Amino acid sequence: MKAVGYIQSLPISNPKSLIDIELSQPTASGHDLLVQVMSIAVNPVDYKIRQNVAAENDEYKVLGWDAVGEVVAIGESVSHFKPGDKVFYAGDLNRQGSNAEYQLVDERIVGHKPKSLSDGEAAALPLTAITAWELLFERLLIKQQHPEIKKKSNDIILIVGAAGGVGSILVQLASALTGATVIATASRDSSAKWVKKLGADYVIDHSKSLVAQIEQLAIGQVTHVASLTHTDSYLDSFVELLAPMGKIALIDDPKSLDISKLKFKSLSLHWEFMFTRSMFKTTDIDEQHRLLNKIADLIDQGYIQTTVVKNLGTINAKNLRAAHKILESGQSIGKIVLEGF
């Protein structure tokens, strides 16, 4: 089967950083689905793994943690799917990724593809949707409401780095499924317009003082923070802005955080890592299957939309290197997808 992989961790400017390869097609067993991959999306985790994790035993490492495809075979323990089903999923860091024609994936972290979306539109969703959902409802514990009967609450959530992949879904979920007031940050006109379109109540510039801008809004103290980038740079601002007993959830990788600053307001800090359930085969691993099906329903009912912004064409090494380069610039909005081999 065709695939894209690498042996050495190299700069994306090096043609060998990602190369076109041929691999043997895997076989499904247990809870695994064998999926024929139709479309993929690219995430920051792809380039972070490529930069920091070399292949082992001189065997090519295949990246990719967002895919849409068709189930072509199932293991003996599979109960949620059958051959012919169209699915979407983010996969497992411990296994070969979706930058290949065929991939094995545990059915318990797979959802039925949204019927109303194309393959490329759906591929943009799984990793960021799982991350945003878990962060909002399982880490920050914001109360979920039905979109048709939701009532305004006293929650005020600040989403820092809201125009990226996770932020683009998080803004929508917070707007559609909670009564919270949503403050999103964006530093460029294009990204500010994007997050406003997705449902943010207020947009502020994260390159300027967060405290001064939020105080100027005169809407009260922030109760929850979703920190999606540069958490170490903003921690002091979060501590000043948050109401006592407020919550901070982050997804990035700061080198250090002085959490003693959280003590006097009894603030809590939560890390969200969507691969935890698959990595440790947690007892509730099936939650990601249910979660993705909920996302598909919300999409098909029109409450949230895909976040794809760029389609770079065929799944090959050249186009994947271009996608990595865009993401490494830190200037991307929404999601980048590729389709077909």
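Our structure's up above, just so we're on the same page.
Residues numbered from 1 in each chain as written. Predicted model: local features only at pLDDT ≥ 70, side-chain atom pairs only at ≥ 80, totals over all residues. Heavy atoms only, no water.

**Side note on the overall build of the protein**
When helices and strands are counted, the protein shows 10 helices and 15 strands. Here the C-alpha radius of gyration of the protein, 20 Å, is about what a compact globule of 341 residues would show, namely 20 Å. Along the longest, intermediate and shortest principal axes, the C-alpha atoms of the protein span 60 × 45 × 35 Å. By the burial criterion, 54% of the 341 residues in the protein qualify as buried. When contacts within the protein are restricted to residue pairs at least 6 apart in sequence, those whose partners lie at least 24 apart make up 71%. On the protein, roughly 14800 Å² of surface is accessible, and the fraction owed to carbon and sulfur atoms is 49%. Both charge centroids of the protein, one from 35 positive and one from 39 negative side chains, sit 5 Å from each other. (Helix = DSSP H or I, 4+ residues; strand = E, 2+ residues; numbered from the N terminus. Rg over C-alpha atoms; globule rule 2.2 N^0.38 Å. Buried < 20%, exposed > 50% of the residue type's maximum accessible area, 1.4 Å probe, protein only. Contact = heavy atoms within 4.5 Å. Areas by Shrake-Rupley, 256 points an atom, 1.4 Å probe, with all protein chains shown as cover. Lys, Arg positive; Asp, Glu negative; His and termini not counted. Charge placed at Lys NZ, Arg CZ, Asp CG, Glu CD.)

**With respect to the sheet that holds strand S13 (residues 268-271)**
The parallel open sheet is built from six strands, whose spatial order is S10-S9-S8-S11-S12-S13. Both outer strands of the open sheet, strand S10 (202-204) and S13, are each paired with one neighbouring strand and no more. The sheet shows a mean angle of 20° between the axes of neighbouring strands, taken without regard to direction. Summarising the sheet, strand S12 (residues 242-250) and S13 pair through four bridges and their orientation is parallel. Across the sheet, isoleucine 248 pairs through a bridge with leucine 269, a residue of S13. Along the sheet, helix H6 (residues 210-217) contacts strand S8 (156-160), strand S9 (181-185), S10 and strand S11 (222-227); its crossing angle with S10, the most-contacted strand, is approximately 150°. (Pairing = 2+ DSSP bridges. Axes fitted to C-alpha atoms, helices over the stretch in contact; angles between N-to-C directions.)

**Let's talk about H6**
For H6, the set of buried residues is Leu210, Val211, Gln213 and Ile214. Buried positions in H6, seen along its axis, are confined to an arc of 165° and lie on one side of it. Seen from the buried face of H6, the exposed residues on the opposite side, beyond 90 degrees, are Glu215 and Gln216. You can read the cap of H6 off the contacts: a side-chain oxygen lies 3.5 Å from the backbone nitrogen of valine 211, and it is on serine 209. Positive backbone phi, at 55°, marks alanine 218, one or two positions downstream of H6. (Arc of directions from axis to C-beta. Polar contact = N/O pair within 3.5 Å; in protein donor to acceptor, adjacent residues only side chain to side chain.)

**Here's the deal with the side chain of aspartate 32**
Looking at where aspartate 32 falls in the secondary structure, it is placed in strand S3 (residues 32-42). Residues contacting aspartate 32, with those up to four places away along its chain left out, are Ala73, Ile74, Gly75, Val78, Arg95, Leu104, Val105 and Asp106.

**Quick word on helix H10 (residues 317-328)**
Look at H10: 16 Å from first C-alpha to last across 12 residues, which is about the 16 Å you get at 1.5 Å a residue. In this structure, the buried side of H10 is in contact with strand S1 (2-5), strand S2 (19-22), S3, helix H1 (44-52) and strand S15 (335-339). N-cap assignment for H10: the residue whose side-chain oxygen lies 3.3 Å from the backbone N of lysine 318 is asparagine 316. In the stretch just after H10, glycine 330 is the one whose phi turns positive, near 75°. (Expected span 1.5 Å × (residues − 1).)

**As for the nonpolar core**
Formed by 82 residues in total, the largest nonpolar core has its most connected members in Ile157, Ile159 and Leu173. In this structure, leucine 173 is in contact with Ala129, Ala132, Trp133, Leu136, Thr178, Ile295, Leu298 and Ile304, ignoring residues within four places of it in sequence. (Core = buried A, V, L, I, M, F, W, Y, C linked by side-chain atoms within 4.5 Å.)

**Brief notes about the packing of H1 against H10**
Taken N-terminus to C-terminus, the directions of H1 and H10 make an angle of 100°; their axes are 9 Å apart at the nearest point. By the angle class used here, H1 and H10 are roughly perpendicular. The segment H1 lies against H10, with Pro44, Asp46, Tyr47, Arg50 and Gln51 engaging His324, Leu327 and Glu328. Here the contact of H1 with H10 is built from residues that sort into three nonpolar, two polar and three charged. (Parallel < 35°, antiparallel > 145°, perpendicular 65-115°, else oblique. Nonpolar A, V, L, I, M, F, W, Y, C, P; charged D, E, K, R; others polar.)

**Section: the pattern of salt bridges**
Two side chains of opposite charge can pair, provided their charged atoms sit close to one another. Here the structure, examined in full by the defined rule, presents 17 salt bridges. One salt bridge in this structure joins lysine 281 and aspartate 92, with 3.5 Å as the shortest N-O distance. With lysine 281 in the loop between helix H8 (276-280) and helix H9 (287-300) and aspartate 92 in the loop between strand S5 (86-89) and strand S6 (102-106), this residue pair connects regions lying 189 residues apart in the sequence. For the salt bridge of aspartate 236 with lysine 261, the shortest nitrogen-to-oxygen distance reads 2.7 Å. Of this pair, aspartate 236 sits in helix H7 (residues 231-241) while lysine 261 sits in the loop between S12 and S13, and the two are 25 residues apart along the sequence. Overall, aspartate 236 belongs to the partly exposed group, its relative accessible area being 47%. A single network of salt bridges, built from pairs that share partners, joins Glu134, Glu138, Arg139, Glu272, Arg277 and Asp284. (Salt bridge = Lys/Arg side-chain N within 4 Å of Asp/Glu carboxyl O.)

**Considering the packing of aromatic side chains**
Evaluated as defined, the whole model comprises four aromatic pairs. Where tryptophan 133 meets phenylalanine 137, the ring centres are 4.9 Å apart and the plane angle is 65°; that geometry is what we call edge-to-face. Taken together, the residues span about one helical turn, with tryptophan 133 and phenylalanine 137 both in helix H3 (residues 126-139) at a distance of four residues. For the pair tryptophan 133 and phenylalanine 137, a shared accessibility class is recorded, and that class is buried. Here the aromatic residues Trp65, Phe273 and Phe275 are joined through ring pairs into a cluster of three or more. (Phe/Tyr/Trp six-rings, centres within 6.5 Å; stacked < 30°, edge-to-face > 60°.)

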